[in-house]
Amino acid sequence: MRRYGVDQQMFDAMYFEQDGQCAVASCVREAKCVDHDHVTGKVRGLLCQGCNVAIGFLESPEWMEGAHGYLVEHGGERR
Ligand SMILES: [Zn+2]
C-alpha cells in the first residue's frame, strides 16, 4: 500500500478506527481504498471500492447533472 502517500501504518490505524468498514455510514463493505480530497490532497477516510468510485463521480457536478438527467429520462428518479 504505497499509493497516495499513505503508508501501511497509517492505513492500519484508520482501518482500526473505522472497524474495517467503509467510511460511508450506510455502507457495510470493507474499507479498502484511501479517499482523498482532490483539491487539498488531504486524506478523508477509507472507503470500499464501490464508494471510492461513487464519491469520485459525486464530486463532478457535470457527472451529477448527466446522471440525474438519465434517471429522469427513464422515470427512475427517486426521492
Ligand atoms: Zn462503501
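Everything in this summary refers to the structure shown in the same document. These numbers were taken from a predicted model, which means no experiment stands behind them.

**Some details on the overall build of the protein**
- In terms of regular secondary structure, the protein is built from three helices and two strands.
- Reading the protein from its N end, one meets helices and strands in the order α-β-β-α-α.
- Within the protein, contacts between residues separated by at least 24 positions form 27% of all contacts whose residues are at least 6 apart in sequence.
- Of the roughly 6000 Å² of accessible surface on the protein, 55% is carried by carbon and sulfur atoms.

**Considerations on the pairing of strand β2 (residues 43-47)**
- By the bridge criterion, four bridges tie strand β1 (residues 33-36) to β2 in an arrangement that is antiparallel. Paired with valine 34 across the strands is leucine 46, a residue of β2.
- From the end of β1 to the start of β2, which pair antiparallel, there are six residues, and glycine 41 there has a positive phi angle of about 80 degrees.

**A few points about the coordination of the zinc ion**
- Surrounding the zinc ion are the protein donor atoms Cys22 (SG), Cys27 (SG), Cys48 (SG) and Cys51 (SG), which sit 2.3 to 2.4 Å from the metal.
- Sequence positions of the residues that donate to the zinc ion give the spacing C-x4-C-x20-C-x2-C.
- Accessibility expressed as a relative area gives 6% for cysteine 22, which makes it buried.

**Some thoughts on a nonpolar patch on the surface**
- A cluster of nonpolar side chains, contributed by Val53, Phe57, Leu58, Trp63 and Met64, occupies part of the molecular surface with about 460 Å² of accessible area.
- Residue assignment for the nonpolar patch shows that the elements contributing at least two residues are α2 (49-58) and α3 (61-73).
- Examining the composition of the nonpolar patch, we find that three residues originate from one element, α2, more than from any other.
- Along the chain, the position of tryptophan 63 falls in helix α3.

What counts as what
- Residues numbered from 1 in each chain as written.
- Predicted model: local features only at pLDDT ≥ 70, side-chain atom pairs only at ≥ 80, totals over all residues.
- Heavy atoms only, no water.
- Helix = DSSP H or I, 4+ residues; strand = E, 2+ residues; numbered from the N terminus.
- Contact = heavy atoms within 4.5 Å.
- Areas by Shrake-Rupley, 256 points an atom, 1.4 Å probe, with all protein chains shown as cover.
- Pairing = 2+ DSSP bridges.
- Donors = N, O, S within 2.8 Å, 3.2 Å for Na, K, Ca; no water.
- Buried < 20%, exposed > 50% of the residue type's maximum accessible area, 1.4 Å probe, protein only.
- Patch = residues over 30% accessible without salt bridge, like charges linked within 9 Å, V, L, I, M, F, W, Y side chains within 5 Å.
- Salt bridge = Lys/Arg side-chain N within 4 Å of Asp/Glu carboxyl O.

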